Every structure is written in structure tokens, then in C-alpha cells.
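# Remarks on the overall topology
Here are the chains, one letter per residue:
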Amino acid sequence: LIGMLPSTFQLHQDLTINSGTVTFQAASQNNVEGRRLVVNLDTANLNAKRGQQNIVWAKPLRLFGTVKEVEGRLALEEVNCVSDFLNIRGNANLKTASFVAQGDLQKLMEQVSQFVDLQNAKLAGTLDGRFGWQMVDSEPPGSPQAGGTDNLPIQIGGSFVVDNPVIELPGMPRWQQPQMSIKLS
């Protein structure tokens, strides 16, 4: 897919993507708590050649988790996203979600820059934080409208700390700090 859209993804002009695998597995389980679906998505062995250099990205991304049905509604009982540069884990349903993330921006740039022309842009720093959402029910408990999810406002929030962040963009001075805090609300 990426190889078919080189200008969209700003791929290096001399890059040839040779192969890679995507594996999707799902298994349904029934137990006393209800139905569960265990899902696993693996990407592996992305092989490419840039000029005379062979590139192999052994494990670009793995996504796995469990979806369960509770009272006729689906919920992410557990979800994990694992890569060389980012790990996210958490759970969610229609009303609330909570995720924890850790990442290494320099590792991200190192991997992506093998394939994508970032035009000398650089990012670095380690990321640690939390994010999620919550639907806000303004109806008093017990009222006929309370507890539903239709037309409820969603509050999205999070907080992240990036240690030793560095941003370098072409034509711009290098920006670097010992720590950066990011709040979402």
C-alpha cells in the first residue's frame, strides 16, 4: 500500500519496498462473563532497498487486545500497541477510556527516516503519559435520560511529559529543553 502511494507518504525517491507481512488473528471465547474476542495484528519483516542499502524493519508494529460484550455493548477490555518506538496500553468502552503511553521520538525518526524523506527534520526525547476520554452525563441519576450515550459531550484529556525534547526543522533554529509538559483537555 505504501509503495503504491510514494508521493503521499513522501518516500525516498530511490526506495523500493520489496516485502513485508501483516498477520491478523481473531478468536472468539464464551464464558460466564459473556463473549470475548481476542485480536492480534502483527506487522513484520518490512524489507526495502534504498540505493545500495538493504533495510529490514523486523517488527514495525504489533496491536493486540481483547474486546468483550457487556450488557449488549462492546468494550476494549485490554488493548496494547507495541513497536520499537512506542508502547500504548489501556482499556475503553463507549463512556470512558484510559491509556498509558511511552515512546522514544528519536527511535521513531530513525525508523521512519529510512523510508520517508523527512527533509532533515529531527525529533528526539522520551515520552511518558496518559490519555483518555469520558462522556459527561448531565442528567441526574435515575432520570429516564441518565446513563445513555446518545448526544453526550465527550471530554478528552491527557498529560504527557517529554524528557530532553529536541525539534529541528529545516530553516528553523534547533529547539531543545530539559523537559516539556503537555496537557490536553
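Note that the structure is predicted; figures quoted are calculated from it, not measured.

Rules used throughout
Residues numbered from 1 in each chain as written. Predicted model: local features only at pLDDT ≥ 70, side-chain atom pairs only at ≥ 80, totals over all residues. Heavy atoms only, no water. Helix = DSSP H or I, 4+ residues; strand = E, 2+ residues; numbered from the N terminus. Buried < 20%, exposed > 50% of the residue type's maximum accessible area, 1.4 Å probe, protein only. Areas by Shrake-Rupley, 256 points an atom, 1.4 Å probe, with all protein chains shown as cover. Core = buried A, V, L, I, M, F, W, Y, C linked by side-chain atoms within 4.5 Å. Contact = heavy atoms within 4.5 Å. Patch = residues over 30% accessible without salt bridge, like charges linked within 9 Å, V, L, I, M, F, W, Y side chains within 5 Å. Salt bridge = Lys/Arg side-chain N within 4 Å of Asp/Glu carboxyl O. Phe/Tyr/Trp six-rings, centres within 6.5 Å; stacked < 30°, edge-to-face > 60°. Polar contact = N/O pair within 3.5 Å; in protein donor to acceptor, adjacent residues only side chain to side chain.

## What to know about the overall build of the chain
- Check the secondary structure of the chain and you find one helix and 11 strands.
- Taking all 185 residues of the chain together, 23% fall into the buried category.
- With an accessible surface of roughly 12,500 Å², the chain has 55% of that area assigned to carbon and sulfur atoms.

## With respect to the environment of Leu 94
- One can find Leu 94 in the loop between β6 (86-92) and β7 (96-104).
- Given a relative accessible area of 48%, Leu 94 falls into the partly exposed group.
- Separated by 18 residues in the primary sequence, Leu 94 and Leu 76 have C-alpha atoms spaced 9.3 Å apart.

## So, unusual backbone geometry
- The residue Asn 45 is not glycine, and still its phi comes out positive at about 50°.
- Summarising the element assignment, Asn 45 is placed in strand β2 (residues 34-50).
- Its identity as a non-glycine residue notwithstanding, Gln 119 has a phi of 50°, on the positive side.
- With respect to the helices, strands and loops of the structure, Gln 119 is situated in the loop between α1 (105-113) and β8 (122-135).

## Points about the nonpolar core
- In terms of nonpolar packing, the biggest core is built from eight residues, these being Leu 11, Leu 15, Ala 48, Ile 55, Trp 57, Phe 85, Phe 115 and Val 116.
- Once you skip the residues sitting within four places of it in the chain, Trp 57 turns out to touch Ala 44, Asn 45, Leu 46, Asp 84, Phe 85, Gln 111 and Phe 115.

## With respect to a nonpolar patch on the surface
- A cluster of nonpolar residues, Ile 167, Leu 169, Met 172 and Trp 175, forms a patch on the protein surface that exposes about 360 Å² of accessible area.
- Among the secondary structure elements, Leu 169 is positioned in the loop between β9 (154-168) and β10 (175-176).
- In this structure Leu 169 comes out as partly exposed when scored by relative accessible area, which is 43%.

## Some words on the packing of aromatic side chains
- Counted under the stated rule, the structure contains five aromatic pairs.
- Between Phe 99 and Trp 133, the ring centres sit 6.2 Å apart and the planes meet at 45°, which makes this aromatic pair tilted. With Phe 99 in strand β7 and Trp 133 in strand β8, this residue pair connects regions lying 34 residues apart in the sequence.
- On the accessibility criterion, Trp 133 (32% relative accessible area) is partly exposed.
- Ring geometry for Phe 131 and Phe 160: centres 6.1 Å apart, planes at 25°, overall stacked. Here Phe 131 is found in strand β8, whereas its partner Phe 160 is found in strand β9, with 29 residues between them in sequence.
- With a relative accessible area of 12%, Phe 160 lands in the buried category.

## Points about the environment of Arg 50
- Topologically, Arg 50 is positioned in strand β2.
- Within polar-contact distance, the side chain of Arg 50 engages the side chain of Asp 14 at 3.4 Å.

## Focus: the pattern of salt bridges
- All told, the structure shown has six salt bridges when counted by the stated rule.
- One salt bridge in this structure joins Asp 14 and Arg 50, with 3.4 Å as the shortest N-O distance. Of this pair, Asp 14 sits in the segment before β1 (15-31) while Arg 50 sits in strand β2, and the two are 36 residues apart along the sequence.
- A residue is classified by how much of its surface remains accessible, and Asp 14, at 40% relative accessible area, is partly exposed.
- Across the pair Glu 77 and Lys 68 runs a salt bridge, and its minimum N-O distance is 3.7 Å.
- Glu 77 gets classed as partly exposed once you look at its relative accessible area, which sits at 27%.
- By sharing partners, the salt bridges in this structure join Arg 36, Lys 68 and Glu 77 into a single network.

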